[in-house]
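# Secondary and tertiary structure notes
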Amino acid sequence: MDAILAQFFNLEIMAKALPLVLKGLGVTLLICAVVIPLGLAGGLLAALGSVSRNRALRWASIGFVDFFRALPPLVLLIFIYAGLPFAGLRLSPFAAVTIAFFLNNSAYFAEILRAGLLSVPRGQGEAARSTGMSATQTLAWVTLPQAVRNVLPDLLSNAVEIVKLTSLASVVSLGEMLHAAGLVRSITYNASPLMLAAGLYLVLLWPLIRVIGRFERRIAS
Amino acid sequence: MDVFLDTFLNPAVLAKYAPAILEGAVVTVILSVLIVLSGIALGTALACLRAYRVRPVSALIVVYADILRALPPLVLILLFFFGLPNVGVTLSASLVLYVVLTLVLAAFAEEIVWAGITATPKGQWEAARSTGLGFTQALGHVVLPQAVRMVIPPLTNRAIAITKMTALGMVIGVPDILGQATTAQSFSANASPLTLAAAAYLVLFLPFVIASRWLEARFSGPGG
Amino acid sequence: MSDARPGHPALQVRALNKSFGTFKVLTDIDLSVDQSEMVFVLGPSGSGKSTMLRCCNRLEEPDSGEILVGGAPLTGSGVNLNAMRQRIGMVFQSFNLYPHLTALGNVTLALRRVQKLPRETAEAAAREALDRVGLADRAGHHPAQLSGGQQQRVAIARALALRPEVMLFDEPTSALDPELVGDVLAVMRDVKAQGMTMLVVSHEMKFARDAADRVIFMDGGRIVEQGTPEQVFGAPREARTRAFLGRLHG
Ligand SMILES: Nc1ncnc2c1ncn2[C@@H]1O[C@H](COP(=O)(O)OP(=O)(O)O)[C@@H](O)[C@H]1O
Ligand SMILES: [Mg+2]
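What counts, and at which threshold
- Residues numbered from 1 in each chain as written.
- Chains lettered and ligands numbered in written order.
- Predicted model: local features only at pLDDT ≥ 70, side-chain atom pairs only at ≥ 80, totals over all residues.
- Heavy atoms only, no water.
- Helix = DSSP H or I, 4+ residues; strand = E, 2+ residues; numbered from the N terminus.
- Buried < 20%, exposed > 50% of the residue type's maximum accessible area, 1.4 Å probe, protein only.
- Patch = residues over 30% accessible without salt bridge, like charges linked within 9 Å, V, L, I, M, F, W, Y side chains within 5 Å.
- Areas by Shrake-Rupley, 256 points an atom, 1.4 Å probe, with all protein chains shown as cover.
- Salt bridge = Lys/Arg side-chain N within 4 Å of Asp/Glu carboxyl O.
- Pairing = 2+ DSSP bridges.
- Right-handed = clockwise from strand over helix to strand, strands pointing away.
- UniProt positions renumbered as here; feature names shortened; annotations may be inferred.
- Disulfide = S-S within 2.5 Å.
- Contact = heavy atoms within 4.5 Å.
- Buried area = accessible area lost by both parts, 1.4 Å probe.
- Polar contact = N/O pair within 3.5 Å; in protein donor to acceptor, adjacent residues only side chain to side chain.
- Axes fitted to C-alpha atoms, helices over the stretch in contact; angles between N-to-C directions.
- Parallel < 35°, antiparallel > 145°, perpendicular 65-115°, else oblique.
- Left-handed = near helix turned anticlockwise from the far one by under 90°.
- Nonpolar A, V, L, I, M, F, W, Y, C, P; charged D, E, K, R; others polar.

## Concerning the overall build of chain B
Secondary structure summary: chain B contains 10 helices and zero strands in total. Along the chain direction, N to C, the helices and strands of chain B fall in the order α-α-α-α-α-α-α-α-α-α. If one aligns the C-alpha atoms of chain B with their principal axes, the spans along those axes are about 75 × 45 × 25 Å. Of all 224 residues assigned to chain B, the portion counted as buried reaches 55%.

## Some points on a nonpolar patch on the surface
Residues and elements named next belong to chain A. Taken together, the side chains of Met1, Ile4, Leu5 and Phe9 make up a nonpolar region of the molecular surface, amounting to roughly 420 Å² of accessible area. Structurally, the position occupied by methionine 1 is in the segment before α1 (2-8). Taking relative accessible area as the criterion, methionine 1 reaches 72% and is therefore assigned exposed.

## Quick look at the pairing of strand β8 (residues 197-201) of chain C
Residue and element names in this part refer to chain C. The buried fraction of β8 is high, at five of five residues. Burial of the side chains of β8 extends over both faces: Thr197, Leu199 and Val201 are buried on one face and Met198 and Val200 on the other. Inspection of the sheet shows strand β3 (residues 38-42) paired to β8 by four bridges, in the parallel sense. Its bridge partner being in β8, phenylalanine 40 is matched across the sheet by valine 200. Bridge count between strand β7 (residues 166-170) and β8: five bridges; the pairing is parallel. Paired with aspartate 170 across the strands is valine 201, a residue of β8. Note that the unit made of β7, helix α6 (residues 178-193) and β8 has a crossover that is right-handed.

## Some points on the UniProt feature "transmembrane region" (unreviewed entry) in chain A
Residue and element names in this part refer to chain A. UniProt records the feature "transmembrane region" (unreviewed entry) for residues 20-47, 59-82 and 187-209 in the present numbering. Overall, residues 59-82 shows 92% helix and 0% strand. The separation of its end C-alpha atoms is 30 Å. Each end of residues 187-209 is marked by a C-alpha atom, and these two atoms are 33 Å apart; helix forms 87% of the span and strand 0%.

## Considering the state of the cysteines
All names here are of chain C. In total, this model carries zero disulfides over all chains according to the counting rule given. The thiol sulfur of cysteine 55 is not disulfide-bonded, and the nearest other cysteine sulfur, from cysteine 56, lies at 7.0 Å. Looking at cysteine 55, the relative accessible area reads 0%, which means it is buried.

## Overview of the UniProt feature "transmembrane region" (unreviewed entry) in chain B
Residue and element names in this part refer to chain B. Residues annotated by UniProt as "transmembrane region" (unreviewed entry) correspond here to residues 20-49, 61-83, 95-117 and 194-215. Each end of residues 20-49 is marked by a C-alpha atom, and these two atoms are 43 Å apart; helix forms 100% of the span and strand 0%. The span residues 61-83 shows a helical share of 91% and a strand share of 0%, and its end C-alpha atoms are spaced 24 Å apart.

## A word on the interface of chain A and chain B
Taken together, the 45 residues of chain A in the interface contact 46 residues of chain B. Here chain A and chain B share an interface that buries about 4000 Å² over both sides, 74% of which is from carbon and sulfur atoms. Per-residue buried area on chain A facing chain B is highest for Arg69, Phe86 and Lys164 of chain A; these three make up 14% of the total on that side. Counting the contacts that link chain A with chain B gives four salt bridges. Ionic pairing is found between aspartate 66 of chain B and arginine 210 of chain A, a salt bridge with its closest N-O pair at 2.8 Å. Counting across the chain A and chain B interface gives 10 residue pairs in polar contact (both at pLDDT 80 or more). Sorting the residues of the side of chain A that touches chain B by element identifies α1, α3 (55-70), α4 (73-83), α5 (93-119), α8 (152-165), α9 (177-188) and α10 (192-220) of chain A as the ones contributing at least two each. Element by element, the count of residues in the side of chain A that touches chain B is highest for α10 of chain A, at nine residues.

## Looking at the packing of helix α5 (residues 148-160) of chain C against α6 of chain C
Helices that pack against each other are described as a pair by the angle of their axes relative to one another and the distance between those axes. All names here are of chain C. The geometry of α5 relative to α6 is characterised by a closest axis approach of 8 Å and an angle of 20 degrees between their N-to-C directions. One finds that α5 runs roughly parallel with respect to α6. In this structure, the crossing between α5 and α6 has a hand that is right-handed. Contact residues: Gly148, Gly149, Gln152, Arg153, Ile156 and Leu160 in α5; Leu180, Asp183, Val184, Val187, Met188 and Val191 in α6. Along the lines of polarity and charge, the residues of the contact of α5 with α6 split into seven nonpolar, three polar and two charged.

In structure tokens form, the structure reads like this:
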């Protein structure tokens, strides 16, 4: 029992790790702030493509989505970060993470937004067009708001997944929260910094998970 | 173009490391199958246990599911791999990966199957109970089969997402596809092993991604 | 017309009370249904008809009172509820067929799992029950492949196959398209002809006149009036009954 406490809940080591881990948390949030909007934008484009009437565009979009849903994000990240330099393209860890997660997140957001777009009755768009609104206006003011509302819990769940995904950035030495905690662990040979990071992830994400659960139940009933 | 081929699809490198990556693929497949089977079984068992609505038990299950869904799997992998040996529990890297991803998938599967159980109409319980089936029989023979059918699409998606995470094993030295590929890449000073790894993942997972799309079109889950 | 055996009660309800929270749904219900008797329950929506029926196989738990089936208590501690429920068939307004099982699977499930019959015996009993409701040829169909009327007949077969002593029907035809009602009523008539004791909540007045031995009128959680169909329909004593029947006939 004491060994467990000393190994996982060493407050002294946690206190020492705290500044670095908090700085890492800042980087984690920064990655999210960049990658979530980018992923939403890319996802929307791919979603629109996947419900388009243009056959080629539709298949290209679906191909894009399935490709990146099948490829593990860590493989993509390592390919970009460690593979591209062999071809003379050396990216910073942050750039590599941004590109890899943009591609991965776009695919997942696209799949969700596609379901949202398909859930809006066709008559909605037709009604908007019949009042003289352009295709873009119809999308922005009529179709998309309803689509987003219908899949809001899924969009939020995916945002939670993205926050968790940022931990992969530690593999390419980007100093986000897990990387910071892992660094202190490797110096102290003690797992408490990892527990600290885990605690912060919980503080960050548990409320979100609860809220999403409530949303889902409301929609189900 | 030649530079590109030489870097990413170098025939000599590909030929040399293909066997290693194939070995990695076997590891990935075995781990994936085990994780899917045990994760879904454990998650379904927890959802069934929760159906008995014994307060402390349900609360424990909810807390378990919430925590395992909120934590990045990589955090758990590192905790298990680096933390446990110091308290006298040493698991191999592959075992750590298997245990962590099974626990994570079980958490998601519990929530998904539970949603299916609560979405099954009350009349199904009543019809079953009115013919004399006990609670457990009604759950097992009437409600659960419908619940599981209802949640096959989200369960499939989640199982794919989590088996893909076997790639995280590379961080602790599991000799799976990505592990083999990164080793090969550093030996060969060439990106071709990574290309091969990406291709291997696509070959393994693309069929399931496409199948999940088909399932989604065929079944409709609760509330959709 | 009546095959009922007076003095041989199959189902007895004594001083039944039931509330949902502070809302009193049933007040002092006393009711006895004789063997082979068909009793019809009428009353405005919300008067507690469903709740009374559901108490009769304890899908709702009564607050107080006593319910006996063939003289054996259904309520109280030490009752083997699942065994007792085999003696009381229930037919629901919304059928509640198991969508993942075939018609045959729906009927055999309790035979095999509760009565523990071997598969062949259970299937033979199920086919016989399906035959009685005229659906022997649909045994392999799933509920989604059947019409509403056929689904309700399978649900009747599911209850019948357990050879219950009493059958409860909660508005068995009110979820059906009008042209499908007749088939279900015909099955019910046939079940009665075979001597089944039946307690039926329904607003099929013509059927009640033809087939019921007794009609009960409920309002506000109480039994307000009862008698033969001729009495209740022809010369209702209570003003509330008259008002209800007047509204029903438009
Ligand atoms: N589970 C329940 N919880 C709270 N109120 C209920 C419940 N079931 C029925 N009620 C209420 O009890 C009253 C009687 O309902 P019910 O027995 O279904 O009437 P009927 O079948 O005659 O229409 C209604 O006011 C209904 O709203
Ligand atoms: Mg009713």
